[in-house]
Amino acid sequence: EAFADSRFCAGCHQFPPEGPRVAGKLQEDTVAQWQASGLAAQASCQSCHMPGRRHLWRGIHDAEMTRRAIDVQLAVEAVAPGRYLARAAVRNIGAGHHFPTYMVPKVELHFVRVDHDGRRTEVGRQLIGWSVDTAITREIEDTRIPAGQARRFEQPFVAPAQGGWSIELQLWVHPGEHYERTFRDSLSRADRLPAAARPLLEEALQRVQRSRYELVRLQHRPSGAAN
């Protein structure tokens, strides 16, 4: 019975009030986020992350599960001749805690203009996540989405006059983004590390880079962009 109780998870996934913080926020606060959500009365931590009592540890590395956690909408607005605004709305509909819950994973929004000839131009990137420095002492930004809430992202861009273009939104998940920055930071000082450390850090960096994946891709062709 204890293994099916969310309190069992709190030992690792919920720091006590006196635990380490960045910008006043507990570094690990997942259980409290879940308790504050509307899903707490419907599901335990285990019912999503360990369905059927199986040790699957389903989470941000699992594309299918992560895809069910959010709803993504894309629209485009003309703001001036040749100038547009892409509006993306990402709603946390399925995660019983912030999306993503703490500092390690990030989700990148890539806005790409696809011209009539198929040429692709990235016009901007934005980030969902809690970014802190690699020393874990300073907050850079916090754009996580609490359970049941949405965050809107606006990306201005220009488009060719001949029309026939569309705007594409890609969501890329970086499950270990904070580790990636940490490994890069360590490798930049490799001359001060034991010789055996460099290949281990390089292997760790490659492994975390391979964990990236594309989660969602949407395309919008405004009526004014038709040939």
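Residues numbered from 1 in each chain as written. Predicted model: local features only at pLDDT ≥ 70, side-chain atom pairs only at ≥ 80, totals over all residues. Heavy atoms only, no water.

Q: Just give me the short version of the sheet that holds strand E10 (residues 166–174), but keep the residues and values in it.
A: Sheet architecture is open: 4 strands sit in the order E6-E5-E10-E11, paired in antiparallel fashion. Where the open sheet ends on each side, the last strands, each with one partner, are strand E6 (120–128) and strand E11 (213–220). Pairwise comparison of adjacent strand axes, ignoring direction, gives a mean angle of 20 degrees for this sheet. Strand direction decides the pairing type here: E10 and E11, joined by 7 bridges, are antiparallel. By the bridge assignment, tryptophan 172 is partnered in E11 with glutamate 214. (Pairing = 2+ DSSP bridges. Helix = DSSP H or I, 4+ residues; strand = E, 2+ residues; numbered from the N terminus. Axes fitted to C-alpha atoms, helices over the stretch in contact; angles between N-to-C directions.)

Q: An account of the packing of aromatic side chains is requested, with residue identities and associated values reported.
A: All told, the structure shown has 5 aromatic pairs when counted by the stated rule. Judged by centre distance (5.6 Å) and plane angle (85 degrees), the ring pair of phenylalanine 157 and tryptophan 165 falls under edge-to-face. Tryptophan 165 carries the same exposure label as phenylalanine 157, and that label is buried. These aromatic residues form a ring-pair network of at least three members: Tyr84, Phe157 and Trp165. (Phe/Tyr/Trp six-rings, centres within 6.5 Å; stacked < 30°, edge-to-face > 60°. Buried < 20%, exposed > 50% of the residue type's maximum accessible area, 1.4 Å probe, protein only.)

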